[in-house]
Amino acid sequence: MPGKFTAVLAITSLSLISSAFAADPIRIGVSGPLTGGSAPMGVSMRDGVKLAVAEINAKGGLLGRQIQLVERDDEAKNERGVQVAQELINKEKVAATVGYINTGVALASQRFYQEAKIPVMNNVATGSVITKQFLPPEHKENYVFRVSANDTIQSAMIVEEAVGKRKLTKVAILADSTNYGQLGREDLEKALSAKGMKAVTVEKFNIKDVDMTPQLLKAKQAGAQAVLTYGIGPELAQIANGMEKLNWKVPMIGSWTLSMANFLDNAGKNGNGATMPQTFIQDPNTPKRKAFIEAYQKAYKVERIPSPVSAAQGYDSVYLLAAAIRQAGTTDGVKVREALENLNEKVEGVVTTYVKPYSHDDHEAIKPGIPVMGEAKDGHIVLSK
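Residues numbered from 1 in each chain as written. Predicted model: local features only at pLDDT ≥ 70, side-chain atom pairs only at ≥ 80, totals over all residues. Heavy atoms only, no water.

Side note on the packing of aromatic side chains
Next, step 1: This model, assessed by the stated rule, comprises 7 aromatic pairs.
Next, step 2: Taking 5.1 Å as the distance between ring centres and 45° as the angle between the ring planes, the aromatic pair formed by Y315 and Y319 counts as tilted. Here Y319 and Y315 lie together in helix α12 (residues 308-328), a separation of 4 residues that amounts to about one turn.
Next, step 3: The class for Y315 is buried, based on a relative accessible area of 3%.
Next, step 4: Through a chain of ring-to-ring contacts, the aromatic side chains of F280, F292, Y296, Y300, Y315 and Y319 assemble into a single cluster.
Next, step 5: Sitting over the face of the ring of Y319, K288 holds its NZ or CZ atom 5.3 Å from the ring centroid. (Phe/Tyr/Trp six-rings, centres within 6.5 Å; stacked < 30°, edge-to-face > 60°. Helix = DSSP H or I, 4+ residues; strand = E, 2+ residues; numbered from the N terminus. Buried < 20%, exposed > 50% of the residue type's maximum accessible area, 1.4 Å probe, protein only. Lys NZ or Arg CZ within 6 Å of the ring centre and 35° of its normal.)

A short note on the environment of I325
Next, step 1: Mapped onto the elements of the fold, I325 is located in helix α12.
Next, step 2: The exposure class assigned to I325 is buried, which follows from its relative accessible area of 2%.
Next, step 3: Residues I325 and W248, spaced 77 residues apart in sequence, show a C-alpha to C-alpha distance of 53 Å.
Next, step 4: Apart from the residues within four sequence positions on either side, I325 is in contact with I26, I28, L62, L63, T330, T331 and V336. (Contact = heavy atoms within 4.5 Å.)

A closer look at the side chain of S31
Next, step 1: With respect to the secondary-structure elements, S31 resides in strand β1 (residues 26-32).
Next, step 2: Filtering out sequence-adjacent residues up to four positions away, S31 remains in contact with M45, R72, D74, V84, L88, T97, V98, G99 and Y100.

As for the packing of helix α2 (residues 39-58) against helix α11 (residues 287-300)
Next, step 1: Between α2 and α11, whose axes approach to 11 Å, the crossing angle comes to 105°. Relative to α11, the element α2 is oriented roughly perpendicular. In this structure, α2 contributes V43, S44, D47, G48, K50 and L51 to the contact, and α11 contributes F292, A295, Y296, A299 and Y300. (Axes fitted to C-alpha atoms, helices over the stretch in contact; angles between N-to-C directions. Parallel < 35°, antiparallel > 145°, perpendicular 65-115°, else oblique.)

Quick word on unusual backbone geometry
Next, step 1: The amide bond that connects P136 to the next residue, P137, takes the cis arrangement and shows omega of 0°.
Next, step 2: With respect to the helices and strands, P137 occurs in the loop between β4 (120-122) and β5 (144-146).
Next, step 3: You will see that E75, though not glycine, has its phi angle at about 60°, which is positive.
Next, step 4: Position of E75 relative to the elements: it lies in the loop between β2 (67-73) and α3 (78-91).
Next, step 5: Here E75 falls in the partly exposed class, since its relative accessible area comes to 32%.
Next, step 6: A positive phi angle is found at N247, which is not glycine, with a value near 55°.
Next, step 7: Checked against the element boundaries, N247 lands in the loop between α9 (233-245) and β9 (252-254).

Here's the deal with the layout of surface pockets
Remark: the empty space left among the atoms is shown by a probe the size of a water molecule rolled over them.
Next, step 1: Estimated volume of the largest pocket: approximately 550 Å³.
Next, step 2: Forming the boundary of the largest pocket are 28 residues, of which S38, A76, N102, T178 and I207 lie nearest the centre.
Next, step 3: At 3 residues, helix α4 (residues 103-109) tops the list of elements feeding residues into the lining of the largest pocket.
Next, step 4: Tallied by class, residues from the lining of the largest pocket come to 11 nonpolar, 12 polar and 5 charged. (1 Å grid on protein atoms, 1.4 Å probe; cavity = no way out; pocket = protein on both sides within 12 Å on 5 of 7 lines; lining within 4 Å. Points joined across faces, edges and corners; volume = space filled by probe spheres on them. Nonpolar A, V, L, I, M, F, W, Y, C, P; charged D, E, K, R; others polar.)

Some remarks on α3
Within an α-helix, residues lying three or four positions from one another point in the same direction, as the helix has 3.6 residues per turn.
Next, step 1: In this model α3 runs 19 Å from its N-terminal to its C-terminal C-alpha over 14 residues, within 8% of the 20 Å that 1.5 Å per residue would give.
Next, step 2: G81, V82, V84, A85, L88 and I89 are the residues of α3 that are buried. Relative to the axis of α3, the buried residues are bounded by an arc of 165° and lie together on one face. Turned more than 90 degrees off the buried face of α3, the exposed positions are E79, N90 and K91.
Next, step 3: Check the buried side of α3 and you find it contacts β1, β2, β3 (96-99), α4 and α5 (111-116).
Next, step 4: Of the residues trailing α3, K93 is marked for its positive phi of about 55°. (Expected span 1.5 Å × (residues − 1). Arc of directions from axis to C-beta.)

Side note on helix α8 (residues 213-221)
Next, step 1: Buried within α8 are the following residues: Q215, L216 and A219. One face of α8 carries all of its buried residues, which in axial projection span an arc of 95°.
Next, step 2: Buried residues belonging to α8 abut β6 (171-176), β7 (201-205) and α9.
Next, step 3: Two residues or fewer after α8 comes G223, characterised by a positive phi angle close to 80°.

A word on the sheet that holds β4
Next, step 1: Strand order across the open sheet formed by 5 strands is β2-β1-β3-β4-β5, with parallel pairing between neighbours. Each edge of the sheet is formed by a strand with only one pairing partner; in this case those strands are β2 and β5. On average, each strand axis in the sheet is inclined to that of its neighbour by 25°, with strand direction left out of account.
Next, step 2: Looking at chain direction, β1 and β3 are connected through 4 bridges and run parallel. Within β3, the position partnered with G29 by the bridge is T97.
Next, step 3: In this fold α3 packs onto β1, β2 and β3, with an angle of close to 155° to the strand it touches most, β2. (Pairing = 2+ DSSP bridges.)

Here it is in structure tokens:
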């Protein structure tokens, strides 16, 4: 009898232990700048991520477990991003991380996920090299995925807008001095070269610069018919305001960051007409987008999303990751990567509906043809005509 009782006790203990394990949350890291000049992107991305997680958890979670987010502010600093990555992997034991707003931070930090064989979903950073950092023959597998329009796609769209659509023959490039700005500048120059053109002047500016007069004067004197930009919101506003001061009215066409709230607010009417590639515009033109916009406005008590693109891509990155975890039937990094590379489930996102978005050799979910051109109009972004 005692033996039987011990066996029953052991079975009961084992089932209690398994229930406890089954109930353990799936920990997902969220890394981005929640303070500083890039914060509108970081906060919007995180809040989009939180919306998706809340929806998934409300429907029973993943693999019978709830998702638990572990948020960290990388402050848009490479060295802080490195610390955050190591902390999320080694201390917080995350199954995956979503985030990265700044190209430099991504390039400095994502190698730790690669080494740990843990997927990382870049959902805002756009530097073309991001998903190509760990390629064969040096690296057999790549754990870096992306849900944003890379700079190769964007630069081609910017140049097509200026040269193809508007038939301009002289353009200037103004790019900030960060990895993001300079890698974007290189992509712009390649896209111009493909059209048999060179910029009439290429100028650089620094983060927190407040006077762009010298760069703009060089562009104006070189006869530029448009200014092509690669930078972050606050400095881009200084370009728009500087053009107004010089009474120099030429189109401003740049990367997606021209849609940030801190460009629209700081530039005011001077920002009107600026055009940029967008994966998502805050326009309820599909039932999914309408539901997402309303949920975001209700949850965070705002009318205008500070960075709609970041919020939408953050949201979609969670649903893509969740589909892979569900398909893998585990949070094991190797199996989740394999599932991402061969997703069976069609994932309805806010940006698009994803059908096999990734393969072993292509970790870019956003393909050419998905982004559209947006235009600044009275503090909002509308579809460019």
